[in-house]
Every structure is written in structure tokens, then in C-alpha cells.
Amino acid sequence: MVSTLITALLLGGQIYLYRATEPALVCRVGQARARLLHFGLLAFQVFVLAVLSMDNNWPLRRLWPEAGPLGRAVSLAAGVWIAGSAGAAILLLAGHLLLPRPTPASSTDGPTRRQFLTAAAVVAPFSIAGYGTWINRANFELRDVAFPVPHLPPALQGLRIALLTDFHYGPYLSLPELNRTVDMANETRPHLTLVTGDFITRVGDPLDACLAQLRRLRAEAGIFGCLGNHEIYARCEDYAEAACRRIGIQILRDRAIPLQFSGAELNLAGVDYQAQAESRTGRKPYLVGAGRLLRPGAVNLLMSHNPDVFPVAAHLGYDLVVSGHTHGGQVTVEILEQTLNVSRFFTPFVVGLYRRGSSALYVSRGIGTINVPMRLGARPEVTLLRLTSA
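On a predicted model such as this, the values are computed, not experimentally measured, just so you know.

### Brief notes about the overall build of the protein chain
Point 1. Scanning the protein chain from terminus to terminus reveals nine helices and 16 strands.
Point 2. Taking all contacts inside the protein chain whose residues are at least 6 apart in sequence as the whole, residues at least 24 apart take part in 74%.
Point 3. Summed over all atoms, the accessible surface of the protein chain reaches about 18,900 Å², with 61% contributed by carbon and sulfur.

Here is the structure:
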């Protein structure tokens, strides 16, 4: 549904821009040249939409194989145009509806002010989209977070856990960028490294190439993970599990592993992506059977790609939950001290640390992007979680 809404918005922006530019071009260059320029704009819009479609769909993706830096640059530039033009269309439409039209009786500075506002409505969205795509999309942050646990055993105090999630390796994340996140995680010298799903986005994405880089992850107690919803969409759950096992990453699919640290036990559990499905008897609950994975007397940590499981996990008795899935909203704006993004309409757990009773949840903004290659107000992250007494 989110992808459908985004597609409708972007397509609507292209249609509005095409229709709105025709009278302006005729006034400035004449009908003949305007017709030629208008045809060129239409051809460009079709090309950009085709690039975005081939980046985000299979089997269309087979028509647009990954072409190294040039192909990636084309994809990123297409993303800037799509996002920038959609924003410009919204602002131009708002101006058309809200601003008074200039008349002969208007003051002499009226048309000049209107022209300035029109230019700003076009330039600003493209500038913001360019920043979000070319700069902030790969401006990875290492977040150092205290992860509180009541009655934490002294042996687990300060235990370092590196968390990586939502890679979405493909057209919008390059190999050097992926390598940089692996290096950032390794540089924290973690006791434990966790990866919580969405290695790729869809069928045809280079899962093996992604895992070839994740092979370099290092942690004293090992590398563990769970699967996300995009492994389901890509129909590669079993393959991803087996491929991860070959490179030393244990994917926990409804199972748990007790880990010992100087005599103290950390029970690490993992579940597949938890979708709350409809049934004839009502909504299927989250974490069915996950209570059996708990170990009394241990610190119980659950990996779940979807953070919505947190209330159920807290009720079951999990001390800690780590998740991703939301991308921190990916595009987030702050209005009247309130953050607005698409994720907030679907979950109360968008980014950061949440508490419920004696349990804690951390939701990472993740590494990659989907739909459009842009991040605003939701900088991508590699997270270092430090266990600490609550």
C-alpha cells in the first residue's frame, strides 16, 4: 500500500508538471519551439519513470542490469528528478490555488514576487532531493546507545552488540558503501554482531554479492541474524539462511541460542518476519510459540525485523528486542516539534529506544533505502548497543 501511494504521488507530479509547463513555454518561446521542448520533456519523463520502474520491479529489472557506477548514477539521478519534481508539483499546485493571480491593477512588484516564489518552489525540492540522495543517503552514522536491563549480571555490564539491518543491497547501495558499514561495525570490536533482515529488496537483487561482504563481519561470540519481509518478497528465505550459514552467520528462525559471557548467560532468540495476518477467527497474534524460546535466569534478547512485536515480547518476558524495518521513516520532517513520516502511520515504534515495564526495544534506522534512493531526517546508521543496568 505504501509503494502504491508513493507511486501515485510521483506519477501525479509528472503529469501535473507536463500539463503546467505547456502554457509557460508557449508564452516564452512560441508555439513551434514549445511543442518541441514539450515533447523532449515528455520523453525525459518517460525515461526517468522507466529507470525507476526497472530499479524497483521484477521482471522489468532484467531489462536494466546493474551497470556499475554509470548505471547507479543514472538510477540516483532519476531518483532526484522523481522526488524533486513531485515536490515541485505539489508546491506549484499549492501556489496556483492559494496565491492571487497577477492583474494589470497589481503593484509593480507583484509579478516579481510571484516569479520568485515560483522559482523557489521549483529549485527547493530539487535541492533537497539532491542532498537526500547524493549526500545523506550514504552518510552513515555510528550510534552508540545504552541498552538498559534491570538486574543485569555484572559479567554482562558493558557488553557490546553491533546491530546492522535493512541493507537493501541493489541499485541504491554501492559495494564501497556496503563495505563501509561492515568496517564501522568491526571497528567497534563487538562481543556480538546482529543483522536483522532485508539483505536485499526483491527477486533478482544480488544477495550473494551482499553476503560476500557481510562475510567480513567479526565478533567475539559470533554473528547472528533473523530474516525480514523482503526475504519473503524475494522468495529466498531458505536460500538466505543456508548461504548465511556457509559464511558463518547463524540465522535464528524461531529458535534460540544461549551464549555464555564469564558465567553469565545471554539467551539470543530470533524469529522470522512477523506479519499480523487476518483469519476467520480474527487477527493472528505476534510471536506464536516464542515464549518457549525464553530461558529463566538469563538475559533474553529477541531479534525481530518488525518492531511491532514489542508489546507481546515484553509481555512474554523478553528483556531486550532489536528491530529495523521502518528505516526511521526514511524521509522525515519535523513540524511543530512533531516528526512526520510514512512509518508513523503504521507503527508507534519508528526509531530509537522504547521502554515497556522492564523491557526495552531498539529500532534502527538501517542502512539502505527502498522506492526512492533518498534519506531526509533519518540518517542511515550502524548501531553499537551497550548493555547497562537499568
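### Re the packing of helix α5 (residues 175–187) against helix α6 (residues 207–214)
Helix-helix packing is described using two parameters, namely the angle between the two axes and the distance between the axes.
Point 1. Their axes nearest at 9 Å, the elements α5 and α6 cross at an angle of 35°. Crossing of α5 over α6 shows right-handed handedness. Contacts between α5 and α6 involve L175, L178, N179 and V182 on the former and, on the latter, C210, Q213 and L214.
Point 2. Among the residues forming the contact of α5 with α6, the class breakdown is five nonpolar, two polar and no charged.

### A few points about the packing of aromatic side chains
Point 1. According to the stated counting rule, one finds four aromatic pairs in the structure shown.
Point 2. Here the aromatic rings of W81 and F126 are separated by 5.3 Å at their centres, their planes lie at 45°, and the arrangement is tilted. With a gap of 45 residues between them, W81 in helix α3 (residues 68–98) and F126 in helix α4 (residues 110–135) connect regions that are remote in the sequence.
Point 3. Relative accessible area serves as the criterion here: at 22%, F126 is assigned to the partly exposed category.

### Let's talk about the pattern of salt bridges
Two side chains with opposite charge may pair up if their charged atoms get near one another.
Point 1. Counting across every chain of the model gives 12 salt bridges.
Point 2. Taking the shortest distance from any N to any O, the salt bridge between R295 and E265 comes out at 2.8 Å. Residue R295 is located in the loop between β9 (282–283) and β10 (299–303), and its partner E265 is located in strand β7 (residues 264–270); the two are separated by 30 residues in the primary sequence.
Point 3. We classify R295 as partly exposed; its relative accessible area is 36%.
Point 4. Judged by relative accessible area, E265 falls into the buried class, the value being 18%.

### Brief notes about the packing of α6 against helix α8 (residues 237–246)
Point 1. Two numbers describe how α6 lies on α8: the axes approach to 10 Å, and their chain directions differ by 30°. With respect to each other, α6 and α8 are oriented roughly parallel. Two packed elements cross with a definite hand, and for α6 against α8 that hand is right-handed. On α8, the residues touching L207, D208 and L211 of α6 are Y239, A240, A243 and C244.
Point 2. When grouped by side-chain class, the residues that make up the contact of α6 with α8 number six nonpolar, no polar and one charged.

### Thoughts on the nonpolar core
Proteins that are soluble and globular tend to have nonpolar side chains buried together.
Point 1. Formed by 32 residues in total, the largest nonpolar core has its most connected members in L164, F167, F199, L211, L214, L217 and I249.
Point 2. Those elements that place two or more of their residues in this core are β2 (160–164), α5, α6, α8 and β5 (249–251).
Point 3. Sequence-distant contacts of L214, defined by excluding residues within four places in its chain, comprise F167, L178, V182, F199, I247 and I249.
Point 4. By size, the runner-up hydrophobic cluster in this structure holds 28 residues, among which are V149, L192, L266 and L387.

### Comments concerning the sheet that holds strand β3 (residues 192–195)
Point 1. In spatial order, the strands read β1-β16-β2-β3-β4-β5; together these six strands make up an open sheet with mixed pairing. Of all strands in the sheet, those with a lone pairing partner are β1 (141–149) and β5, marking the two edges. Averaged over neighbouring strand pairs, the angle between their axes works out to 25° when direction is ignored.
Point 2. Direction of pairing for β3 relative to strand β4 (residues 223–225): parallel, over a ladder of three bridges. Among the inter-strand pairings, T193 is bridged to a residue of β4, identified as I223.

### Focus on unusual backbone geometry
Point 1. Phi at H151 takes a positive value of approximately 55°, unusual for a residue other than glycine.
Point 2. With respect to the helices and strands, H151 occurs in the loop between β1 and β2.
Point 3. What makes H151 exposed here is its relative accessible area of 79%.
Point 4. Here the phi dihedral of D166 falls at roughly 55°; this positive angle occurs in a residue that is not glycine.
Point 5. One can find D166 in the loop between β2 and α5.
Point 6. D166 gets classed as buried once you look at its relative accessible area, which sits at 0%.

### Quick word on a nonpolar patch on the surface
Point 1. On the surface, a nonpolar cluster with roughly 330 Å² of combined accessible area is contributed by Y131, W134 and I135.
Point 2. Note that I135 resides in helix α4.

### Looking at the sheet that holds β7
Point 1. Read across the open sheet, the six strands follow the order β6-β7-β10-β11-β15-β14; overall the sheet is mixed. Here the strands that pair on one side only, and so sit at the sheet edges, are β6 (255–261) and β14 (352–356). Each neighbouring strand pair of the sheet contributes to a mean axis angle of 20°, computed without reference to strand direction.
Point 2. As paired elements, β14 and strand β15 (residues 359–363) share five bridges and run antiparallel to each other. Pairing of R355 across the sheet is with A360, part of β15.

Quick notes on the rules
- Residues numbered from 1 in each chain as written.
- Predicted model: local features only at pLDDT ≥ 70, side-chain atom pairs only at ≥ 80, totals over all residues.
- Heavy atoms only, no water.
- Helix = DSSP H or I, 4+ residues; strand = E, 2+ residues; numbered from the N terminus.
- Contact = heavy atoms within 4.5 Å.
- Areas by Shrake-Rupley, 256 points an atom, 1.4 Å probe, with all protein chains shown as cover.
- Axes fitted to C-alpha atoms, helices over the stretch in contact; angles between N-to-C directions.
- Left-handed = near helix turned anticlockwise from the far one by under 90°.
- Nonpolar A, V, L, I, M, F, W, Y, C, P; charged D, E, K, R; others polar.
- Phe/Tyr/Trp six-rings, centres within 6.5 Å; stacked < 30°, edge-to-face > 60°.
- Buried < 20%, exposed > 50% of the residue type's maximum accessible area, 1.4 Å probe, protein only.
- Salt bridge = Lys/Arg side-chain N within 4 Å of Asp/Glu carboxyl O.
- Parallel < 35°, antiparallel > 145°, perpendicular 65-115°, else oblique.
- Core = buried A, V, L, I, M, F, W, Y, C linked by side-chain atoms within 4.5 Å.
- Pairing = 2+ DSSP bridges.
- Patch = residues over 30% accessible without salt bridge, like charges linked within 9 Å, V, L, I, M, F, W, Y side chains within 5 Å.

These values are about where atoms sit, not about what they do.
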